[in-house]
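Letter by letter, the chains look like this.
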Amino acid sequence: MLAIARALMSRPQLLLCDEPSLGLAPLVTQELFAVIDRLNKEEGLSVLLVEQNANLALKVATRVYLLETGRVVASGSAADLSADDSIRKAYLGT
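Here is what the cut-offs are and how they apply
- Along each chain, the written sequence defines residue order, and numbers are assigned to residues from 1.
- Only residues with pLDDT of at least 70 get local features here, since the model is predicted, and only at 80 or more are side-chain atom pairs given and counted; chain-wide, interface and lining totals rely on the full set of residues.
- Side-chain numbers come from the whole structure's heavy atoms, not from hydrogens or water.
- Strands here mean DSSP runs of E at least two residues long; helices mean DSSP runs of H or I at least four residues long; both are numbered from the N terminus.
- Partly exposed describes any residue whose relative accessible area lies between the buried limit of under 20% and the exposed limit of over 50%, with all areas from a 1.4 Å probe on protein chains only and scaled to the type maximum.
- Without a salt bridge and with relative accessible area above 30%, a residue can belong to a patch; like charges are then joined within 9 Å and nonpolar side chains (Val, Leu, Ile, Met, Phe, Trp, Tyr) within 5 Å.
- Accessible areas in this description were obtained via Shrake-Rupley with a 1.4 Å probe; residue shielding takes into account the shown protein chains only.
- One speaks of a salt bridge when a side-chain nitrogen belonging to Lys or Arg is within 4 Å of a carboxyl oxygen belonging to Asp or Glu.
- Buried residues of nine kinds, namely Ala, Val, Leu, Ile, Met, Phe, Trp, Tyr and Cys, make up a nonpolar core once their side-chain atoms join them within 4.5 Å.
- A cavity here means a set of points on a 1 Å grid, drawn over the protein atoms and nothing else, where a 1.4 Å probe fits but cannot get out; a pocket is an open set with protein on both sides within 12 Å along at least five of seven lines, and a residue lines either one if it has an atom within 4 Å of a point.
- Grid points are joined across faces, edges and corners, and a volume is the space filled by probe spheres set on the points.

A.B. asks: Explanation requested: the environment of Val-72 in the structure shown.
C.D. replies: Counting through the fold element by element, Val-72 comes out in strand β4 (residues 71-77). Under the relative-accessibility criterion, Val-72 is labelled exposed at 52%.

Below, the structure written as structure tokens:
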């Protein structure tokens, strides 16, 4: 969280986040993703997010690239991938 705060001080056009939820409590993770979503929508900050928690990432994403062992296995809008039955079963547990 400190790294994100330091990065934001320089007023970037693009914020790169690699596993921001790693090691955080669930409530802190929810708040962090709410802030990332708000920065994107209200401040116009572009965010490249790498996250294993697919359900959480899909809630804030616009465009999604699904990687499996380093290869793109699916891509599209967050809404399209969330609605895809095979994606939901394989990666979202639903």
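A.B. asks: For this particular structure, what's the right way to read a nonpolar patch on the surface?
C.D. replies: Where nonpolar side chains cluster on the molecular surface, the patch consists of Leu-14, Leu-16 and Leu-48 and spans about 310 Å² of accessible area. Relative to the helices and strands, Leu-16 resides in strand β1 (residues 14-18). Since its relative accessible area comes to 59%, Leu-16 is described here as exposed.

A.B. asks: I tried to follow the nonpolar core on my own but got confused; where do I start?
C.D. replies: For soluble globular proteins, nonpolar side chains are generally found buried alongside one another. Formed by Leu-58, Val-64, Leu-66, Ala-74, Ala-78, Leu-81, Ile-87 and Leu-92, the largest nonpolar core amounts to eight residues. For this core, the elements supplying multiple residues, two or more each, are β3 (63-68), α4 (78-83) and α5 (85-92). Among the nonpolar cores identified, the runner-up in size contains seven residues, and Cys-17, Ile-36, Leu-39 and Leu-45 belong to it.

A.B. asks: Any chance you could explain unusual backbone geometry here in plain terms?
C.D. replies: Across the chain, the bulk of peptide bonds are trans and the bulk of non-glycine residues have phi less than zero. Although it is not a glycine, Arg-11 sits at a positive phi angle of roughly 50°. Inspection of the secondary structure assignment puts Arg-11 in the loop between α1 (2-9) and β1. By relative accessible area, Arg-11 is classed as exposed at 73%. A positive phi is found at Thr-69, a non-glycine position, where the angle reads about 45°. Tracing the backbone shows Thr-69 in the loop between β3 and β4. The exposed category is assigned to Thr-69, whose relative accessible area is 80%.

A.B. asks: Looking at this structure, I do not really get the layout of surface pockets. What am I missing?
C.D. replies: A water-sized probe rolled over the atoms picks out the places where empty space is left. Looking at the largest pocket, its volume works out to about 750 Å³. Listing elements by their share of the lining of the largest pocket, those giving two or more residues are α2 (26-43), β2 (46-50), α3 (54-60), β3 and α5.

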